[in-house]
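# Report on the structure
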Amino acid sequence: ACSGRPSVELSPTYRATFLAQETFGVPARGAVNVAAFGDLFPLADGRMLALGGAGPVATTWEPDRQEFAPNGLLPLNLTFAARAQLADGRVLCAGGLDVTTQQPSAEAYLYDPATGTATSVGPMTSARAGAAACRLPNGKVFLFGGLSTIDVTDPTTLFNGILNSSELYDPVANTFTAGPTIAE
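Conventions we followed
- Residues numbered from 1 in each chain as written.
- Predicted model: local features only at pLDDT ≥ 70, side-chain atom pairs only at ≥ 80, totals over all residues.
- Heavy atoms only, no water.
- Helix = DSSP H or I, 4+ residues; strand = E, 2+ residues; numbered from the N terminus.
- Contact = heavy atoms within 4.5 Å.
- Polar contact = N/O pair within 3.5 Å; in protein donor to acceptor, adjacent residues only side chain to side chain.
- Pairing = 2+ DSSP bridges.
- Axes fitted to C-alpha atoms, helices over the stretch in contact; angles between N-to-C directions.

### Details of the environment of Arg90
Locating Arg90 in the fold gives a position in the loop between β10 (82-85) and β11 (91-94). In this structure Arg90 touches Ala84, Gln85, Leu110, Tyr111, Asp112 and Pro113, once residues within four positions along its chain are discounted. Among the polar contacts made by the side chain of Arg90, one reaches the side chain of Asp88 at a distance of 2.8 Å.

Structure representation (structure tokens):
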């Protein structure tokens with residue numbers, strides 16, 4: 001996977017046609033709508049799945065057509081979520097900032113690019129926003145760090161909730177378990 005933090009993700013409402021290196025044109029369907037903090041994942045058929053960012057959009061880069069196409073929607077609370085692709089192509093989207101409460105979430109979903117749907121697999125053992133995630137050789141996903149609390153109104157306390165904990169997601173058992181503490 002390609003972590004794009006910060007990066008660009010395009011809304012499924014719009015498509016951009018790339019014409020040549022470092023240039024693009026806008027087809028009659030609309031203009032490009034950009035969101036930051038997404039991730040890209042390769043699909044078995046050669047397309048790239050773009051997930052996350054500052055919205056619930058899932059898109060695929062269609063190399064044969066040289067454009068982005070709609071793929072589905074994610075739950076809205078996944079801004080600043082941790083994401084990792086499983087061996088079968090699905091993507092674990094875990095935690096993130098709940099846009100209603102403005103606090104980290106323990107919710108987790110598996111996004112299936114074949115169906116364009118997200119299925120709840122949470123909660124995690126801890127609420128966390130801005131965590132990191134990676135698939136391990138045994139197929140489990142290791143999640144670590146992030147923030148447990150966020151006070152966006154007081155920049156001096158913004159990082160008081162930094163987590164030194166980790167957890168593992170087991171896609172076979174569909175469970176989260178506590179992992180080791182991260183040394184500071």
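### Digging into the sheet that holds strand β13 (residues 117-120)
An order of β10-β11-β12-β13 is seen for the 4 strands of this open sheet, with the pairing classed as antiparallel. The sheet is open, and its two borders are formed by β10 and β13, each paired with just one other strand. Taking the axes of each pair of neighbouring strands and ignoring which way they run, one obtains an average angle of 25° across the sheet.

### Brief notes about the side chain of Asp39
As for its placement among the helices and strands, Asp39 is situated in strand β6 (residues 38-42). At a separation of 2.9 Å, a polar atom in the side chain of Asp39 contacts the side chain of Arg83.

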